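Spelled out from the first residue to the last, the chains are:
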Amino acid sequence: MSDCIFCKIAAGEIPCRKVYEDGDLLAFHDINPVAPVHFMIIPKEHIARLDEAHARHEWLLGRMLLLAPMLAKEQGLGHGFRTVINTGPGGGQEVYHLHMHIFGGESADYRPHRL
Ligand code: 5GP
Ligand code: ZN
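Computed from a predicted structure; not experimentally measured.

With that settled, consider the coordination of the zinc ion (ligand 2). Six octahedral donors around a metal ideally make angles of 90 or 180 degrees; four tetrahedral donors ideally make 109.5 degrees. Coordination of the zinc ion (ligand 2) by the protein is provided by C4 (SG), C7 (SG), H46 (ND1) and H97 (ND1), with metal-donor distances spanning 2.0 to 2.3 Å. Note that the zinc ion (ligand 2) binds 4 donor atoms; their angles at the metal cover 105 to 116 degrees, and the shape is tetrahedral. Binding-site remark: the zinc ion (ligand 2) is held by donors from one chain whose sequence spacing is C-x2-C-x38-H-x50-H. Of this pair, C7 sits in helix α1 (residues 5-10) while H46 is found in the loop between β3 (37-43) and α2 (58-74), placing the two residues 39 residues apart along the sequence. Note on C7: relative accessible area 15%, which makes it buried.

Shown next as structure tokens:
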């Protein structure tokens, strides 16, 4: 997807503050964090939204979930963290390349809230 900002980040065409990278996945800090620590995990493959993932993506989606706690701990979130995947206009999705937000941390103006 040539006009997708996260594909461009995955291709190294747009810089990011990288947290993790392997052949299939990339993690980087959100440019506009909502918490003291806020990064996201994306597949390098362009999947626009969670409800467009297919059975062949099962392994990739599982890897995203298993990677989240590992990276969260590395980023100082051993006490716990939130994960969010916004899907579609009804879910407030702004960037149409699947991404899982991971955020948390301690600060005066951030409190994890109930869903
Ligand atoms: P969504 O609402 O789609 O789940 O969230 C998109 C997220 O991507 C937002 O939190 C926004 O701050 C982040 N974002 C948008 N553009 C960029 C960018 O160019 N670089 C980084 N690092 N984050 C971005
Ligand atoms: Zn993309």
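Side-chain positions along a regular strand alternate between the two faces of the sheet. Of all 7 residues that make up β3, 7 are buried, and the element is covered over most of its length. Burial of β3 is two-sided: the residues V37, F39, I41 and P43 facing one way and the residues H38, M40 and I42 facing the other way are all buried. Taken together, the 5 bridges between strand β2 (residues 25-29) and β3 define a ladder with antiparallel strand orientation. Residue pairing across strands places F28 opposite M40, the latter belonging to β3. Note that β3 and strand β5 (residues 100-104) share 5 bridges and pair antiparallel. Bridge assignment links F39 to a residue of β5, and that residue is I102.

We now examine the nonpolar core. Core analysis: the biggest nonpolar cluster contains 17 residues, and A27, F39, I41, M64, L71, M100 and I102 have the highest contact counts within it. Secondary-structure elements contributing two or more residues to this core are β2, β3, α2 and β5. Judged by nonpolar contacts, the second largest core, of 9 residues, contains F6, C7, I9 and I42.

So, on to the site of ligand 1. Neighbouring ligand 1 are 16 residues, the closest being D30, N86, E94, H99 and H101. Residue E94 places a main-chain N or O atom 2.7 Å away from an oxygen atom belonging to ligand 1. Between H99 and ligand 1, the recorded distance is 2.7 Å, taken from a side-chain N or O atom to an oxygen atom. Coverage of ligand 1 by the protein amounts to 85% of the 520 Å² it exposes when considered alone. Taken together, the elements giving at least two residues each to the shell around ligand 1 come down to α1 and β2.

Reading the values: the criteria
- Residues numbered from 1 in each chain as written.
- Chains lettered and ligands numbered in written order.
- Predicted model: local features only at pLDDT ≥ 70, side-chain atom pairs only at ≥ 80, totals over all residues.
- Heavy atoms only, no water.
- Donors = N, O, S within 2.8 Å, 3.2 Å for Na, K, Ca; no water.
- Tetrahedral: all angles 85-135°; square planar, octahedral: opposite > 155°, others 65-115°.
- Helix = DSSP H or I, 4+ residues; strand = E, 2+ residues; numbered from the N terminus.
- Buried < 20%, exposed > 50% of the residue type's maximum accessible area, 1.4 Å probe, protein only.
- Pairing = 2+ DSSP bridges.
- Core = buried A, V, L, I, M, F, W, Y, C linked by side-chain atoms within 4.5 Å.
- Near = heavy atom within 4 Å.
- Polar contact = N/O pair within 3.5 Å; in protein donor to acceptor, adjacent residues only side chain to side chain.
- Areas by Shrake-Rupley, 256 points an atom, 1.4 Å probe, with all protein chains shown as cover.

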